[in-house]
Amino acid sequence: RVVSDTVRLCSGVGLALCQRLLEEDGRIHLCIACRNTQKNEDTRDLILASHPAAQVSTVEVDLGNMASVLRVARELRCRFQRLDFVYLNAGIMPNPHVNFKALWHGLLTGKVLHMLTTAEGIMTQTDRLNGDGLQEVFTTNLFGHFMLVRQLEPLLCSNEKPVRLIWTSSSNARESAFSLSDFQHAKGQESYSSSKYATDLTSVVLNRKFNKQGLYSSVVCPGLVMSNMTYRILPVFLWKLLMPIMWLIRFFAKTYTLTPYNGAEAHVWLFKQKPEYLDPLVKYHSCTSGLGKSYVEPRKMEVDEEIAEKFYQKLLELEKQTLERYSDLLD
């Protein structure tokens, strides 16, 4: 059996996921996607170093650039007849800032553990417009993926067996950060949280519209993983000082997975499940016990299905505008 898995963001959780999938089934064909050729080559070399017999190909794509998304979709349609799993894992969190005053207040009010596991109230970002005139975080974390999925429908909805979309969401996905009237989050300072909640909404609607065609969508949360994105939040020396405390916190906060290997637990678990039996309103969280045992915890998502449908229609409108702009890149 040959399986084509398109894996976004091939470092951190993305790289760990590739390696763990090959441990599960060495026959699969991995197609890894990174933003530049050098990153693709480096990632492929790392995978082949531990799995020399693996089938690994690459494509170059910037999910924050609509022309790049349309080009890679066309390339994938030419190269593959089917994609059995598509892992939608790319994400950015530009210019993150920690509100230490809010963190101190959480400590005094007993809410600090909740704040540390969800980043609610203590994490803000400064977003900007990209070259397409779209908000950068919204585009990279959600809309680029959405456009890619829509362009790959011929590979995803024509198989006799189920096809899987697996989105990397977050415990930071909160309804309070999302607004239907400002779904790109141009006016707020929690663009990451907004984009991840939008991811949850999108997955819910995709299941409603495409399950009958054999396409199933799931969302996962990798937990708090020490990755390039995380290290940008605080200076590296401060992270080194905090690491012993973070290992201790894991006895109380099971979503402190910390390592990319642990963070990929839910992604790999879903690889082994039959999608027909999964709840489309559940998010699957990678968790790690204080003693280091990894497991998956399903949690019901707090999503308004009516809002989800309205948001999906806005995505379709934005997709139409984008395709009109880049009509020369369409078949």
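If you look the protein chain up in an unreviewed UniProt entry, it shows as 3-keto-steroid reductase/17-beta-hydroxysteroid dehydrogenase 7 from Rissa tridactyla. In its Subcellular location (unreviewed entry) section, the UniProt record describing the protein chain reads: "Endoplasmic reticulum membrane". Of the protein chain, the UniProt comment under Sequence similarities (unreviewed entry) reads exactly: "Belongs to the short-chain dehydrogenases/reductases (SDR) family. ERG27 subfamily."

This next bit is on the packing of aromatic side chains. Two measures describe an aromatic ring pair: the distance that separates the ring centres and the angle between the ring planes. With the rule as written, the count across this model stands at 10 aromatic pairs. Both rings, one in Phe 146 and one in Tyr 312, keep their centres 5.7 Å apart while their planes meet at 90°; by these two values the pair is edge-to-face. Here the residue Phe 146 occupies a position in helix H6 (residues 136-151), and Tyr 312 occupies one in helix H13 (residues 305-325), the gap between them amounting to 166 residues. What makes Phe 146 buried here is its relative accessible area of 1%. Since its relative accessible area comes to 2%, Tyr 312 is described here as buried. Taken together, a centroid distance of 5.3 Å and an interplanar angle of 35° make the contact between Trp 269 and Tyr 284 tilted. Linking Trp 269 in helix H12 (residues 265-271) with Tyr 284 in strand E9 (residues 282-288), this pair joins segments that are 15 residues apart in sequence. For Trp 269, a relative accessible area of 27% puts it in the partly exposed group. The exposure class assigned to Tyr 284 is buried, which follows from its relative accessible area of 4%. Among the aromatic residues, those joined into a cluster by ring pairs are Phe 138, Phe 143, Phe 146, Phe 178, Phe 183, Tyr 197, Phe 311 and Tyr 312.

A few words on the environment of Gly 12. Within the fold, Gly 12 resides in the loop between strand E1 (4-7) and helix H1 (13-24). Here Gly 12 falls in the partly exposed class, since its relative accessible area comes to 23%. For the pair Gly 12 and Met 226, spaced 214 residues apart in sequence, the C-alpha separation works out to 8.0 Å.

Turning our attention to the pattern of salt bridges. Close approach of charged atoms lets side chains of opposite charge pair. Counted according to the given criterion, the structure contains 19 salt bridges. Between Arg 208 and Glu 309 there is a salt bridge; the shortest N-O distance is 3.1 Å. Of the two residues, Arg 208 sits in helix H8 (residues 191-210) while Glu 309 sits in helix H13, which places them 101 residues apart along the sequence. A salt bridge links Glu 309 to Lys 209, with the nearest nitrogen and oxygen atoms 3.4 Å apart. Note that Glu 309 is positioned in helix H13 and Lys 209 in helix H8, a separation of 100 residues in sequence. On the basis of relative accessible area, Glu 309 is assigned to the partly exposed category, the value being 22%. When its relative accessible area of 33% is taken as the criterion, Lys 209 is described as partly exposed. Here the residues in one salt-bridge network are Arg 208, Lys 209, Glu 305 and Glu 309, joined through shared partners.

The rules behind these values
Residues numbered from 1 in each chain as written. Predicted model: local features only at pLDDT ≥ 70, side-chain atom pairs only at ≥ 80, totals over all residues. Heavy atoms only, no water. UniProt positions renumbered as here; feature names shortened; annotations may be inferred. Phe/Tyr/Trp six-rings, centres within 6.5 Å; stacked < 30°, edge-to-face > 60°. Helix = DSSP H or I, 4+ residues; strand = E, 2+ residues; numbered from the N terminus. Buried < 20%, exposed > 50% of the residue type's maximum accessible area, 1.4 Å probe, protein only. Salt bridge = Lys/Arg side-chain N within 4 Å of Asp/Glu carboxyl O.

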